[in-house]
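# Summary of the model geometry
Here are the chains, one letter per residue:
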Amino acid sequence: MNTNNYDKEQSHKDESRQSIQIRSPLDDSVIGEVLALSKEDVNSAIQLAKETFATWRNVPLNERAEVLYKAANLLLEEADRLTVLLMMEVGKDKKSAHSEITRTADFIRFTADTAKSIHGESIQGDTFSGFNKEKFAVVTREPVGVVLAISPFNYPINLATSKIAPALVAGNTVVFKPATTGSLCGIELVKVFEAAGLPKGVLNIVTGRGSEIGDYVVTHPDINFINFTGSTEVGSGISEKAHMVPLLMELGGKDAAIVLKDADLAFAAKNIIAGAFSYSGQRCTAVKRILVVNEVADRLIAYLKEEIQKLEVGNPLEKQVDVVPLISTKAADYVWDLIEDAKAKGAKLIYGGTREGNLIFPTLFDYVTTDMRVAWEEPFGPVLPILRVNNADEAVDLANQSEYGLQSSVFTENLSDAFHIASRLEVGTVQVNNKTERGPDHFPFLGVKKSGIGTQGIRYSIEAMTRVKATVINLSH
Ligand code: NAP
Ligand code: G3P
């Protein structure tokens, strides 16, 4: 049984504590248990983070960075074991699970390197009218304090680390709330940081259902910053409840792949299918709709059919697959409702449309219209709607009608057109001739509208979880 890294002195309370069984989405087997911490436990973790902040912030940056370098190495040493755990806990295929671990080790190293390259500045007073050289400002950056890091199920190692590593290297302490399905990976991640030399109390995991401890932790007065990744529904709830606390949020998406008449259609089809169906589309940056100009739609669909048929579907424990069982029956039922709605309203089923338990086969619809739910809602599953448009302007308008604004792809051979379209799309990132994706992790990563608040990406995350301090020197005294 995996337990939390809470104080062992608390163990006498264990008998009274509830625990949560973690079941694998692959075979519903119980793969571990985590504690459902009480509000008292959560408060203890927050108090410990608050007390520890005073010392951790004064640890020299190069020593904080050293902890991260060691954590990256330890993570790689544990890669095979954590790959299996990640596969079992969130149903990810082996290739994606292993790459999540190695990608995270790279992330941690790059974070440590970047932190050492972020410097302050000095500003001369006489650069502003009415002032002279006697006055100048020394501008530095300081940690914000206790960072609450809340991560989603789909990247239980990488998307937890994308908050934790930048927060720690900047001198913050962290209270880490993993997704319940993902908590076992979260506990192992914390162990890696502790084995790397992170002092006790600097990183504190709190397990338990968000629906039970979430409101308490996000409204706790000793939380100084909330870094959240998850659904728009939960994120917007947090933003309403958190008082005067800076937020960094990565939320839902409905990323559009816009395919123009001069696009390389075979290339676009490969990218779109990979972008839409890897890990069953359980990625915020998955391609979640195709907007294609009429004159090339039929040809594109022929290529899409070729590519979708190549997808491997099934249990990742048996073979390398692209499409896996979804994380829960609730998730699968939601995706299935979108499929049924599209069928009922006249969408043309090109491929898929079948289900075996929580395994939904990759599904492609043509002639999707804006009255269908799948045109607008985030499936977080393997269903991809094609909406036909007359021209690029119509594609941009339709893309921008979404409440989401994470990423878009534009497939065209004309870079000038690509830039003009990119400038009009209401998203955080436009991928030109590529599927939508978050990596590489040092690029800025953000959502606008209901896809997020603030900007992640290693340097951006470090800066977001620090604040500027201006010390003004007045030499005339
Ligand atoms: P979720 O249901 O919103 O949960 C995200 C996290 O919030 C989990 O740790 C969850 O804990 C916690 N939580 C739930 N209710 C809470 C509350 N009232 N207060 C505080 N925390 C609470 O999302 P998910 O199912 O894990 O992930 C899928 C969603 O996340 C999709 O919408 C996807 O688009 C989005 N996502 C976005 C990005 C991005 O980078 N933009 C990346 C990945 C995922 P429990 O697990 O205990 O409920
Ligand atoms: O959905 C989480 C987001 O981090 C996806 O990452 O690189 O697979 O687009 P990526």
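Residues numbered from 1 in each chain as written. Chains lettered and ligands numbered in written order. Predicted model: local features only at pLDDT ≥ 70, side-chain atom pairs only at ≥ 80, totals over all residues. Heavy atoms only, no water.

Our next topic: the confidence of the model for the chain. Confidence in the prediction for the chain averages 96 pLDDT; 97% of positions are at 70 or higher. Ignoring residues within four places in sequence, the model shows residues 1-13, a span with pLDDT below 50, making 29 contacts including any to other chains. (pLDDT = per-residue confidence, 0-100. Contact = heavy atoms within 4.5 Å.)

What follows deals with a negative patch on the surface. Together, Asp 262, Asp 264, Glu 413 and Asp 417 line one region of the surface with negative charge. By the secondary structure assignment, Asp 417 is in helix α13 (residues 415-424). Here Asp 417 falls in the partly exposed class, since its relative accessible area comes to 35%. (Patch = residues over 30% accessible without salt bridge, like charges linked within 9 Å, V, L, I, M, F, W, Y side chains within 5 Å. Areas by Shrake-Rupley, 256 points an atom, 1.4 Å probe, with all protein chains shown as cover. Salt bridge = Lys/Arg side-chain N within 4 Å of Asp/Glu carboxyl O. Lys, Arg positive; Asp, Glu negative; His and termini not counted. Charge placed at Lys NZ, Arg CZ, Asp CG, Glu CD. Helix = DSSP H or I, 4+ residues; strand = E, 2+ residues; numbered from the N terminus. Buried < 20%, exposed > 50% of the residue type's maximum accessible area, 1.4 Å probe, protein only.)

Inspection of the region around ligand 2 gives Arg 103, Asn 154, Tyr 155, Leu 159, Arg 283, Cys 284, Thr 285, Glu 437, Arg 438 and Gly 439 as its neighbouring residues. Cys 284 has a polar backbone atom sitting 2.8 Å from an oxygen atom of ligand 2. One of the backbone N or O atoms of Gly 439 is found 3.3 Å from an oxygen atom in ligand 2. Applying the majority rule of atoms within 2 Å of the grid points places ligand 2 in the second largest pocket. The class makeup of the residues in the shell around ligand 2 is three nonpolar, three polar and four charged. Composition of the shell around ligand 2 by domain shows at least three residues from each of domain 1 (6-251 + 452-471) and domain 2 (256-444). (Near = heavy atom within 4 Å. Polar contact = N/O pair within 3.5 Å; in protein donor to acceptor, adjacent residues only side chain to side chain. 1 Å grid on protein atoms, 1.4 Å probe; cavity = no way out; pocket = protein on both sides within 12 Å on 5 of 7 lines; lining within 4 Å. Sits in = over half its atoms within 2 Å of the grid points. Nonpolar A, V, L, I, M, F, W, Y, C, P; charged D, E, K, R; others polar. Domains from an automatic or database assignment.)

Turning our eyes to something else, we now look at the layout of surface pockets. Counted as a void, the second largest pocket has a volume near 680 Å³. Around the second largest pocket, the lining is made up of 29 residues, and of these Ser 96, Tyr 155, Ser 278, Arg 283 and Lys 435 lie nearest the centre. For the lining of the second largest pocket, the secondary-structure elements that each account for two or more residues are α4 (94-115) and α9 (265-277). A per-element tally of the lining of the second largest pocket places α4 first, with five residues. For the lining of the second largest pocket, the class distribution of residues is 10 nonpolar, seven polar and 12 charged. When residues are assigned to domains, the lining of the second largest pocket turns out to be shared by domain 1 (6-251 + 452-471) and domain 2 (256-444), each giving three or more. (Points joined across faces, edges and corners; volume = space filled by probe spheres on them.)

A word on the sheet that holds strand β22 (residues 452-453). As summarised here, the arrangement of the six strands in space is β7-β6-β5-β8-β9-β22, forming an open sheet in which the pairing is mixed. Looking at which strands have only one partner, the edges of the open sheet turn out to be β7 (203-205) and β22. Bridging between strand β5 (residues 146-150) and strand β8 (residues 225-229) involves four bridges; their strand directions are parallel. Its bridge partner being in β8, Val 147 is matched across the sheet by Phe 225. (Pairing = 2+ DSSP bridges.)

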